[in-house]
Amino acid sequence: MAMQVRFRRVLDALLIAFALTIFGTPLMALAQIEFPSKPIRLVVPFAAGGGTDIAARLIAQKLTESLNQPVIVDNRPGDNSIIGTNFLAKAAPDGYTLGLLANPGIAPGPLMRASMPYDPIKDFTHLVLVSTAPNGFAVRMDHPAKSLQQFIEMAKARPGVLSYGTSGIGSSGFLTGELLKDRAKINILHVPYTKGNAPMNADLLGGHIDVEFDGMLSVSSFVRGGRLRLLAVTGVRRSPLFPDVPTIDEVVPGVSGEAWNGLSAPANLPPAVAEKLRVEITKVLALPEVRARFQDLGSTLVNQGQREYLAHIERENAVNGPIIKAANIRQE
């Protein structure tokens, strides 16, 4: 009798193991297909109204339609995007918290800090590299500099007097500015605006700073409104919005730099959830109306996957690392 009981237990265990082997994967897959079953938070580590915020709201709208769940933008600005980026790193890895990240918080910003509250690679699942965008180098209309070359000549004649504003230490505008100082042999004062571009634009228009590095979305509206003069753009190619305006590299060879955005999630995201998000995000970014809107924002839509995203981070660090080291740039 005891032998029959033991045999029955062994048989039951074998049947359970067989059932799990045959049916377990489909059942798990079925559960994962149900994602998402509730609203998704899309963290933007910058203030509302800037280029990253506008791009995030467009993506959120289209993902809401694609995923049949609300995707809600959550602005968490501060500390040059570190606050919002850290919030994403510490969120639950369930796919319900995503972030549209950028240069300062992931690369090369961490190279400027003695410590970070997160690891820019290990603490994230970097899903899709979304876009790159040049910055505009602009002055107010009554500024005496009518070209980048004139601005450089003024800076050489008045070392340490002229000033330039950016969104903060670690931003693409800041790094381009530091490289411009080095290559053009000029001394201009950096003024960081970590609470958004609105205060920077106000100070530029009010004459408190001489020039700004700002995203093309913000710059273009002021240029077209006749309030700012665009002297140059960053990056390796002219902006399609202002094809007659030179790149900085055309005037001072070797000076270029672009902002970028990528969609990421916390580390240890379940592979099936990560793949579904990548597929849906890629579809959204391929929509003609989305591509057109990014062009209106002055951005180049990249829409590349995880491998390219990680390679881009590596290149950002490789290009900017020597600048940061040579200028002993630190951000605390």
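Residues numbered from 1 in each chain as written. Predicted model: local features only at pLDDT ≥ 70, side-chain atom pairs only at ≥ 80, totals over all residues. Heavy atoms only, no water.

Enquirer: Is there a simple way to explain the environment of Y309 in this structure?
Expert: Along the chain, Y309 falls in helix α12 (residues 306-326). Of the residues examined, Y309 reaches a relative accessible area of 0% and is grouped as buried. Separated by 45 residues in sequence, Y309 and S264 have C-alpha atoms that sit 9.8 Å apart. The contact partners of Y309, leaving out residues within four places of it in the chain, are L101, H126, L127, V128, L129, W260, G262, L263 and S264. (Helix = DSSP H or I, 4+ residues; strand = E, 2+ residues; numbered from the N terminus. Buried < 20%, exposed > 50% of the residue type's maximum accessible area, 1.4 Å probe, protein only. Contact = heavy atoms within 4.5 Å.)

Enquirer: What is the right way to read the layout of surface pockets from this model?
Expert: Unfilled space is identified by rolling a water-sized probe across the atoms. Of the pockets and cavities examined, the largest pocket occupies roughly 740 Å³. Lining the largest pocket are 46 residues, and of these F46, G51, T52, D214 and G215 lie nearest its centre. Contributing elements (two or more residues each) for the lining of the largest pocket: α2 (51-67), α4 (103-106), β4 (124-140), α6 (172-184), α7 (197-205), β7 (211-215), α8 (216-224) and β9 (258-266). For the lining of the largest pocket, the element with the most residues is β4, which contributes 5 residues. Broken down by class, the residue content of the lining of the largest pocket amounts to 20 nonpolar, 23 polar and 3 charged. Taken as a whole, the second largest pocket encloses approximately 340 Å³ of empty space. Lining the second largest pocket we find 20 residues, and of these S256, G257, E258, E316 and V319 sit closest to its centre. Considered class by class, the residues forming the lining of the second largest pocket number 8 nonpolar, 9 polar and 3 charged. (1 Å grid on protein atoms, 1.4 Å probe; cavity = no way out; pocket = protein on both sides within 12 Å on 5 of 7 lines; lining within 4 Å. Points joined across faces, edges and corners; volume = space filled by probe spheres on them. Nonpolar A, V, L, I, M, F, W, Y, C, P; charged D, E, K, R; others polar.)

Enquirer: Would you mind showing me how to read unusual backbone geometry here?
Expert: Trans peptide bonds make up the majority, and among non-glycine residues the majority have a negative phi. Here the amide bond leading from F35 into P36 is cis, since omega sits at 0°, within 30 degrees of zero. The topology assignment puts P36 in the loop between α1 (2-33) and β1 (40-44). Cis geometry is found at the peptide bond from A107 to P108, where omega equals 5°. Non-glycine residue K185 carries a positive phi angle of around 60°. Looking at where K185 falls in the secondary structure, it is placed in the loop between α6 and β6 (189-192). Residues other than glycine seldom take positive phi values, yet N268 does so here, at roughly 65°.

Enquirer: Sorry if this is basic, but what is going on with α8 here?
Expert: Along an α-helix, residues three or four apart share an orientation, since each turn contains 3.6 residues. Within the sequence span of α8, burial applies to M216, S218, V219, S220, F222 and V223. Directly beyond the C-terminal end of α8, a positive phi value near 75° is found at G226.

Enquirer: Please clarify how the side chain of R229 should be interpreted in this entry.
Expert: Mapped onto the fold, R229 is located in strand β8 (residues 228-233). Buried charge without a partner: R229 forms no salt bridge, and the closest opposite charge is D142, 7.2 Å away. With sequence-adjacent residues up to four places away left out, R229 is seen in contact with F137, A138, V139, R140, M141, H143, A145 and K146. (Lys, Arg positive; Asp, Glu negative; His and termini not counted. Salt bridge = Lys/Arg side-chain N within 4 Å of Asp/Glu carboxyl O.)

Enquirer: What should I look at first to understand the packing of aromatic side chains in this one?
Expert: Scanning the model with the defined rule gives 6 aromatic pairs in all. Between F137 and F213 the ring centres are 4.7 Å apart and the planes differ by 50°, which places this aromatic pair in the tilted class. In this pair, F137 sits in strand β4 while F213 sits in strand β7, placing the two residues 76 residues apart along the sequence. Accessibility assignment for this pair places F137 and F213 in one class, buried. Within the aromatic cluster, the residues linked to one another by ring pairs are F137, F151, Y164 and F213. The ring of Y96 carries K38 above its face, with NZ or CZ at 4.7 Å from the centroid. Against the face of F87 rests R76, its NZ or CZ located 3.7 Å from the ring centre. (Phe/Tyr/Trp six-rings, centres within 6.5 Å; stacked < 30°, edge-to-face > 60°. Lys NZ or Arg CZ within 6 Å of the ring centre and 35° of its normal.)

Enquirer: Looking at this model, I keep getting lost on the nonpolar core. Mind explaining?
Expert: A general feature of soluble globular proteins is that nonpolar side chains tend to end up buried together. Counting 32 residues, the largest nonpolar core has L42, L127, V130, L277, I281, L285 and F294 as the members making the most contacts within it. Looking at this core, the elements that each hand over two or more residues are β1, α2, β2 (71-75), β3 (97-102), β4, β9, α10 (271-285) and α11 (288-296). The biggest single contributor to this core is α2, with 7 residues. Look past the residues within four positions of L285 in its chain and what remains in contact with it is I59, V128, V130, V290, R291, F294, L301 and N303. (Core = buried A, V, L, I, M, F, W, Y, C linked by side-chain atoms within 4.5 Å.)

Enquirer: Mind showing me how you'd approach the pattern of salt bridges here?
Expert: Note on pairing: side chains with opposite charge can pair once their charged atoms come close. Summed over all chains, the structure comprises 11 salt bridges. Its salt-bridge partner being E289, residue K62 comes within 3.2 Å of it at the nearest N-O pair. With a gap of 227 residues between them, K62 in helix α2 and E289 in helix α11 connect regions that are remote in the sequence. Owing to a relative accessible area of 12%, K62 belongs among the buried residues under this scheme. We classify E289 as partly exposed; its relative accessible area is 42%. Linking R140 and D142 is a salt bridge whose minimum nitrogen-to-oxygen distance equals 3.0 Å.

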